[in-house]
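Results of the structural survey
Residue-level listing of the chains:
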Number of protein chains: 2
Amino acid sequence: MADEARPEAGMTRRCLLRCAGGVAVGTAALAVAGGPSVLPVAQAKESPTPWPYKKLDPAEVAAIAYERYPSGLCMNSVVAALITPLRASVGEPYASFPADAFVWGHGGVVGWGTMCGTILGASVVANLVCGPGPLKGGELVVNELVHFYAESVLPTWVPPKPRVAAPPLPAKPGSPLCHISVGTWMKKANHGFFSPERKDRCARVAASVAAQTARYLNDWSEGKFKPQHKFQTVLYDVTSQDNCAACHRGEAPEAVTTGNP
Amino acid sequence: MADEARPEAGMTRRCLLRCAGGVAVGTAALAVAGGPSVLPVAQAKESPTPWPYKKLDPAEVAAIAYERYPSGLCMNSVVAALITPLRASVGEPYASFPADAFVWGHGGVVGWGTMCGTILGASVVANLVCGPGPLKGGELVVNELVHFYAESVLPTWVPPKPRVAAPPLPAKPGSPLCHISVGTWMKKANHGFFSPERKDRCARVAASVAAQTARYLNDWSEGKFKPQHKFQTVLYDVTSQDNCAACHRGEAPEAVTTGNP
């Protein structure tokens, strides 16, 4: 065992393309035992994780995320939505955690369209609450959350007081990449990236992801969290999404250029 | 001005595919003025960023990252490489920052192959040192770092005492995505994902990215950091990489299935 999970017998050389669409594997415990632990940084005084936790109210969490979005964008909305109630209910070490410094994930990392910032924000907090990996602790929550994101029709959450009157059309991202998630929605809804409708869509996605993370963390705290999916490197022998054909078979749609002024 | 940078006049409706390959824009100041600031989370006691900084030695930073890789993998290697010297030279608030909880970016976020974990780790620290965005502070450093990563022949750093005798072949990722960066290297080097050679390649990439981040932060601290690139949403009217044709024209190579046992 080295620094990544090894494939199980029979899973090796599995063709990427045959795996497209994802592989659910039941509810057996999927944490990979025997992986290395992370050594403490020299002279650290950091509060060791997992940090103390009190159950979150998903509805409250979603409302905070939606409210936060115009100033914090997607990553910070999710970080603030999860951290704010824990500051009130638990206090330290959440109180001194520099939540305001986690804005940079917006647009799939400063606009590069890679991993959706909502998942990056959730990853920060899940690994504080459940402890770090590799391939255990908060990473089990993150892996489930990526599946939830890619495979759900988003947004799942509807604000009681929406900032945009016309509700954003829901769409299934099919991928955790911001570019694909946002681009798919833009094409379906015919709204540009800088439109109020796109921003409201992403605010609602942030609220949806924050609420789902809260549900996972609540289950974790009660010992009821059951991962439904293996890690990607176990399935593919390489780091990967599940949508291989989009690039390797050229099935990506036409580039979106509509809707911007 | 809303929650993302707006395109400049003449940049709107710019075809994604025509922009493939990236657009350098000289050294003019590229921070977008007038964007919203991030409101503090209620009842926070967090240390406001930017945090105090003392110049880092890129060679020391690279060595720490390489040493850290087997236990911390890519994201944590970069976080530890930058934070450890700052704990020694500055102390708080770096000392109590939970660096060990930032492992989850490995494999492009728990193996999903999205943004390379080295850039995620650098993003964490750059935004503590330079302050948060959107589209200012540490995000200017992150944007340059993504260009450095995608457009350089990596790894740039060679360990004085390598763990693997045969040096990994350098390769240009052409993308900040872990899947493309690692897959391109695996195909060129004919080594599998779980091979010692691939792990040593990623350890050297972590060291290369950590050292480059240290150089950028040193320049920032002396007022000499000059961004060379605009933000992606300004160029493309959507969040995006620069390698549009890989997916939209189906120019992605055959899936890599070689080299694993």
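1. So, the overall build of chain A
Counting its regular elements, chain A contains seven helices and zero strands. Its helices and strands in sequence order give chain A the pattern α-α-α-α-α-α-α, from N to C terminus. Considering only contacts within chain A whose residues lie at least 6 apart along the sequence, 73% involve residues at least 24 apart. Total accessible area computed for chain A in this model is approximately 9,200 Å², and 56% of it derives from carbon and sulfur atoms.

2. Describing the side chain of asparagine 143 of chain A
Of note, asparagine 143 of chain A is situated in helix H3 (residues 138–151). With residues near it in sequence (within four places) discarded, asparagine 143 of chain A still touches His229, Lys230 and Phe231 of chain A together with Val110 and Trp112 of chain B.

3. What to know about the packing of aromatic side chains
Scanning all chains against the criterion turns up 18 aromatic pairs over all chains. Arranged with centres 6.5 Å apart and planes meeting at 50°, the rings of phenylalanine 102 of chain A and tryptophan 104 of chain A form a pair that is tilted. According to the relative accessible area criterion, phenylalanine 102 of chain A is buried, its value standing at 1%. The class of tryptophan 104 of chain A is buried, set by a relative accessible area of 0%. For the pair tryptophan 220 of chain B and phenylalanine 225 of chain B, a centre-to-centre distance of 5.9 Å together with 50° between the ring planes defines the contact as tilted. With relative accessibility at 28%, the residue tryptophan 220 of chain B sits in the partly exposed group. A relative accessible area of 11% means that phenylalanine 225 of chain B is categorised as buried. Three or more aromatic residues joined by ring pairs form one cluster here, namely Trp51, Tyr94, Phe97, Phe102 and Trp104 of chain A together with Trp51, Tyr94, Phe97, Phe102 and Trp104 of chain B.

4. Digging into the state of the cysteines
Counted under the stated rule, the structure contains one disulfide over all chains. Counting only cysteine sulfurs, cysteine 74 of chain A is the nearest neighbor of cysteine 116 of chain A, a cysteine outside any disulfide, at a range of 5.3 Å.

5. Some thoughts on helix H1 (residues 58–89) of chain A
All names here are of chain A. Taking 1.5 Å per residue, 32 residues should reach 46 Å; H1 reaches only 15 Å between its end C-alpha atoms and comes up short. For H1, the principal kink sits at glycine 72 and spans about 130°. Here H1 lies mainly inside the structure; 23 of its 32 residues are buried. The backbone nitrogen of alanine 59 has a side-chain oxygen 3.0 Å away, supplied by the residue at the start of H1, namely aspartate 57. Downstream of H1 by a residue or two, glycine 91 has a phi angle that is positive, lying close to 90°.

6. Brief notes about the pattern of salt bridges
Residue and element names in this part refer to chain A. Counting across every chain of the model gives ten salt bridges over all chains. Two residues, aspartate 200 and arginine 204, come together in a salt bridge whose shortest N-O distance is 2.8 Å. Placement of both aspartate 200 and arginine 204 in helix H5 (residues 196–221) is noted, with a separation of four residues, approximately one turn of the helix. With respect to class, aspartate 200 is no different from arginine 204; both count as buried.

7. Here's the deal with the side chain of serine 77 of chain A
All names here are of chain A. Note that serine 77 resides in helix H1. Polar contacts involving the side chain of serine 77 include one to the main-chain amide nitrogen of tyrosine 69, which spans 3.3 Å. Setting aside chain neighbours within four positions, we find serine 77 in contact with Ala65, Arg68, Tyr69, Gly72 and Ala206.

8. Notes on the nonpolar core
Counting residues in hydrophobic clusters, the biggest one holds 146 residues, and the most contacted among them are Phe97 and Phe102 of chain A together with Phe97 and Phe102 of chain B. With sequence-adjacent residues up to four places away left out, phenylalanine 97 of chain A is seen in contact with Trp51, Ile83, Arg87, Phe102, Val124 and Leu128 of chain A together with Glu46, Phe97, Pro98 and Phe102 of chain B.

9. Notes on unusual backbone geometry
Excluding glycine, residues mostly have negative phi values, and the peptide bonds linking residues are mostly trans. A cis amide bond, omega 0°, links glutamate 92 of chain B with the succeeding residue proline 93 of chain B. In this fold, proline 93 of chain B is placed in the loop between helix H1 (58–89) and helix H2 (117–130). Across the junction of leucine 154 of chain B and proline 155 of chain B, the peptide omega takes the value 0°, indicating a cis bond. When you line up the elements, proline 155 of chain B lands in the loop between helix H3 (138–151) and helix H4 (178–189). For leucine 135 of chain A, which is not glycine, the phi dihedral falls at a positive 65°.

10. Concerning the environment of histidine 106 of chain A
Structurally, the position occupied by histidine 106 of chain A is in the loop between H1 and helix H2 (117–130). By relative accessible area, which is 0% here, histidine 106 of chain A ends up buried.

11. Considerations on the confidence of the model for chain A
All names here are of chain A. For chain A, mean pLDDT is 84; residues scoring 70 or higher make up 80% of the total. The low-confidence segment residues 1–44, where pLDDT is below 50, has 112 contacts with residues more than four positions distant or belonging to other chains. Note that pLDDT drops below 50 for residues 257–261; the model gives that stretch 15 contacts with residues more than four away or on any other chain. Scored by ipTM, the complex comes to 0.85, with pTM at 0.86.

12. A few points about the packing of H3 of chain A against H5 of chain A
Residues and elements named next belong to chain A. Here H3 crosses H5 at 140°, and the two axes come no closer than 10 Å. Considering their axes alone, H3 and H5 lie oblique with respect to each other. With respect to the hand of their crossing, H3 and H5 are arranged in right-handed fashion. Packed against H3, whose contacting residues are Leu140, Val141, Glu144, Leu145, Phe148 and Tyr149, the element H5 presents Val205, Ser208, Val209, Gln212, Thr213, Tyr216, Leu217 and Trp220 at the interface. When grouped by side-chain class, the residues that make up the contact of H3 with H5 number ten nonpolar, three polar and one charged.

Rules used in this analysis
Residues numbered from 1 in each chain as written. Chains lettered and ligands numbered in written order. Predicted model: local features only at pLDDT ≥ 70, side-chain atom pairs only at ≥ 80, totals over all residues. Heavy atoms only, no water. Helix = DSSP H or I, 4+ residues; strand = E, 2+ residues; numbered from the N terminus. Contact = heavy atoms within 4.5 Å. Areas by Shrake-Rupley, 256 points an atom, 1.4 Å probe, with all protein chains shown as cover. Phe/Tyr/Trp six-rings, centres within 6.5 Å; stacked < 30°, edge-to-face > 60°. Buried < 20%, exposed > 50% of the residue type's maximum accessible area, 1.4 Å probe, protein only. Disulfide = S-S within 2.5 Å. Expected span 1.5 Å × (residues − 1). Bend = angle between axes of the 7 residues up to and from the residue. Polar contact = N/O pair within 3.5 Å; in protein donor to acceptor, adjacent residues only side chain to side chain. Salt bridge = Lys/Arg side-chain N within 4 Å of Asp/Glu carboxyl O. Core = buried A, V, L, I, M, F, W, Y, C linked by side-chain atoms within 4.5 Å. pLDDT = per-residue confidence, 0-100. Axes fitted to C-alpha atoms, helices over the stretch in contact; angles between N-to-C directions. Parallel < 35°, antiparallel > 145°, perpendicular 65-115°, else oblique. Left-handed = near helix turned anticlockwise from the far one by under 90°. Nonpolar A, V, L, I, M, F, W, Y, C, P; charged D, E, K, R; others polar.

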